[in-house]
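Observations on the model geometry
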Amino acid sequence: GENVEQHPSTLSVQEGDSAVIKCTYSDSASNYFPWYKQELGKRPQLIIDIRSNVGEKKDQRIAVTLNKTAKHFSLHITETQPEDSAVYFCAASVLGGGSNYKLTFGKGTLLTVNP
Amino acid sequence: ETGVTQTPRHLVMGMTNKKSLKCEQHLGHNAMYWYKQSAKKPLELMFVYSLEERVENNSVPSRFSPECPNSSHLFLHLHTLQPEDSALYLCASSQGQGGEEQYFGPGTRLTVT
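Let me begin by describing the structure that accompanies this report. These numbers come from a predicted model, not from an experiment. Residue numbers restart at each chain and count upward from 1, following the sequence in its written direction. Chains carry letters and ligands carry numbers; both start at the beginning, A for chains and 1 for ligands, and go up in the order they are written. Local features in this predicted model are restricted to residues of pLDDT 70 or higher, and side-chain atom pairs are both shown and tallied only at a pLDDT of 80 or more, whereas totals for entire chains, interfaces and linings draw on every residue. Where side-chain values are given, they derive from all heavy atoms of the structure, hydrogens and water being excluded.

**Let's talk about the packing of aromatic side chains**
We apply this condition: Classification of ring pairs uses Phe, Tyr and Trp, with its six-membered ring standing for Trp, and accepts pairs whose centres are within 6.5 Å; under 30 degrees between planes counts as stacked, over 60 as edge-to-face, and the remaining range as tilted. Only DSSP runs of H or I covering at least 4 residues are called helices, and only runs of E covering at least 2 are called strands; the numbering of each starts at the N terminus. Using a 1.4 Å probe on the protein chains alone, a residue whose accessible area is under 20% of its type maximum counts as buried, one over 50% counts as exposed, and one in between counts as partly exposed.
Tallying each qualifying case throughout the model produces twelve aromatic pairs over all chains. When the ring of Tyr-25 of chain A is compared with that of Phe-73 of chain A, the centres are 6.0 Å apart and the planes differ by 55°; the resulting orientation is tilted. Of the two residues, Tyr-25 of chain A is situated in strand 3 (residues 19–25) and Phe-73 of chain A in strand 8 (residues 72–77); the sequence distance between them amounts to 48 residues. An identical accessibility class is assigned to Tyr-25 of chain A and Phe-73 of chain A; each is buried. Considering the side-chain rings of Phe-105 of chain A and Phe-104 of chain B, the 6.2 Å spacing of their centres and the 65° angle between planes classify their relative orientation as edge-to-face. A residue pair is termed interchain when its members come from two chains, as with Phe-105 of chain A in strand 10 (residues 104–105) and Phe-104 of chain B in strand 10 (residues 103–104). For the pair formed by Phe-105 of chain A and Phe-104 of chain B, the shared burial category is buried.

**Some details on the pattern of salt bridges**
All names here are of chain A. Quick note on the threshold: Here, a salt bridge means any side-chain nitrogen of Lys or Arg that lies within 4 Å of a carboxyl oxygen of Asp or Glu.
On inspection of all chains with the given rule, the structure shows four salt bridges over all chains. The residue Lys-37 makes a salt bridge to Glu-39 at a minimum N-O spacing of 3.6 Å. Assessed through its relative accessible area of 31%, Glu-39 is described here as partly exposed. Across the pair Asp-84 and Arg-61 runs a salt bridge, and its minimum N-O distance is 2.9 Å. Placement of the pair is Asp-84 in the loop between strand 8 and strand 9 (86–92) and Arg-61 in the loop between strand 6 (56–59) and strand 7 (62–67), with a sequence separation of 23 residues.

Okay, structure coming up:
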């Protein structure tokens, strides 16, 4: 089955700096890579996702890159703000995978943005 | 915030109690999931239901028993739990049957005493 590794487990940055979180996956069939943000005491929510037919996707201060050959993908947050502080989870799955209904999650990264 | 709801939000139960967690989705989705989230651990998938049929049981102890009476409702029946079962239990739903975006509920914070 799929195995997703996520690094680092904790990340502390100064407000205004950039933050990068990296994930690797094992199943070459995976073609959908979402990122979830979970603020303290709240539910995980999708913030951005990427499919395997593109290498990069941006949404304002957030971007995700995908390297299918190396089987890794990364989340980039620029101009970080204190409200970006949260746990971020990467995940991988096979879209339309039939019997494979699973999103396999990484272990999460606790991002702290210091004012 | 009302797409996936869970009740109760907090639950304290003894090891000999029987309780149930409830999840309801108002998104017209076909698949529903139970996850366990413990401190400093990744999200652990417990059960998957697609069109009310259980399609995955991820080696979960029998003291956890899921029920999906229809595509909008999902229950997790609990009995004779252990203290290590204390965690946040998250319900999620998705549109189809193949690993796409999942919408999470707010979770039930369970404490087993």
